[in-house]
Amino acid sequence: MRIELDEPKCVAAGQCVMVAPDVFDQRDEDGVAIVLDAEPGPEQEDEVREAAAVCPAAAIKLVER
C-alpha cells in the first residue's frame, strides 16, 4: 500500500502518530502530520489502516497496490 496525505485537510489532532508512530509524525511548527514511510511494510498495514480510520479530518488515503 501507499499512503497519501492531504496536508491541507489535516487538523493536527495527532491520532495517526499515536496509532502508527513509525509511519507518521507531526511538524513542530504547526502539528500537521507528515508521512515518514509512504510505503510501509506488511507488518505495519494494520496500524496504518487504523490510523486512516481514526483521522478526524479523513486526510489519510490508502492506495492499494
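Residues numbered from 1 in each chain as written. Predicted model: local features only at pLDDT ≥ 70, side-chain atom pairs only at ≥ 80, totals over all residues. Heavy atoms only, no water.

(A) Focus on the overall build of the chain. Looking only at helices and strands, the chain has two helices and four strands in total. Its helices and strands in sequence order give the chain the pattern β-α-β-β-α-β, from N to C terminus. Taken over the C-alpha atoms alone, the chain extends approximately 30 × 20 × 15 Å along its principal axes. Scored against the burial criterion, the 65 residues of the chain give a buried share of 37%. (Helix = DSSP H or I, 4+ residues; strand = E, 2+ residues; numbered from the N terminus. Buried < 20%, exposed > 50% of the residue type's maximum accessible area, 1.4 Å probe, protein only.)

(B) Geometry of a negative patch on the surface. A cluster of like negative charges, contributed by Asp22, Asp46, Glu47 and Glu50, occupies part of the molecular surface. You can see Glu47 is positioned in helix H2 (residues 45-54). Looking at Glu47, the relative accessible area reads 33%, which means it is partly exposed. (Patch = residues over 30% accessible without salt bridge, like charges linked within 9 Å, V, L, I, M, F, W, Y side chains within 5 Å. Areas by Shrake-Rupley, 256 points an atom, 1.4 Å probe, with all protein chains shown as cover. Salt bridge = Lys/Arg side-chain N within 4 Å of Asp/Glu carboxyl O. Lys, Arg positive; Asp, Glu negative; His and termini not counted. Charge placed at Lys NZ, Arg CZ, Asp CG, Glu CD.)

(C) Region of interest: the state of the cysteines. A full pass over the atoms with the stated rule returns zero disulfides. Looking at the unpaired Cys10, the closest cysteine sulfur is the one in Cys16, lying at 6.4 Å. A relative accessible area of 17% places Cys10 in the buried class. (Disulfide = S-S within 2.5 Å.)

(D) Region of interest: the pattern of salt bridges. Within the structure shown, the criterion is met by seven salt bridges. The residue Arg27 makes a salt bridge to Asp30 at a minimum N-O spacing of 2.6 Å. For Arg27, a relative accessible area of 25% corresponds to the partly exposed category. In this structure, Glu45 and Arg49 form a salt bridge, with 3.6 Å as the shortest nitrogen-oxygen distance. Of this pair, Glu45 and Arg49 both sit in helix H2, separated by four residues, roughly a single helical turn.

(E) The arrangement of unusual backbone geometry in detail. In this model, Ala12 sits at a positive phi of 60°, which is unusual for a non-glycine residue. We classify Ala12 as partly exposed; its relative accessible area is 28%. One non-glycine residue with positive phi stands out, namely Ala58, at about 50°. Looking at the element boundaries, Ala58 is found in the loop between H2 and strand S4 (60-63).

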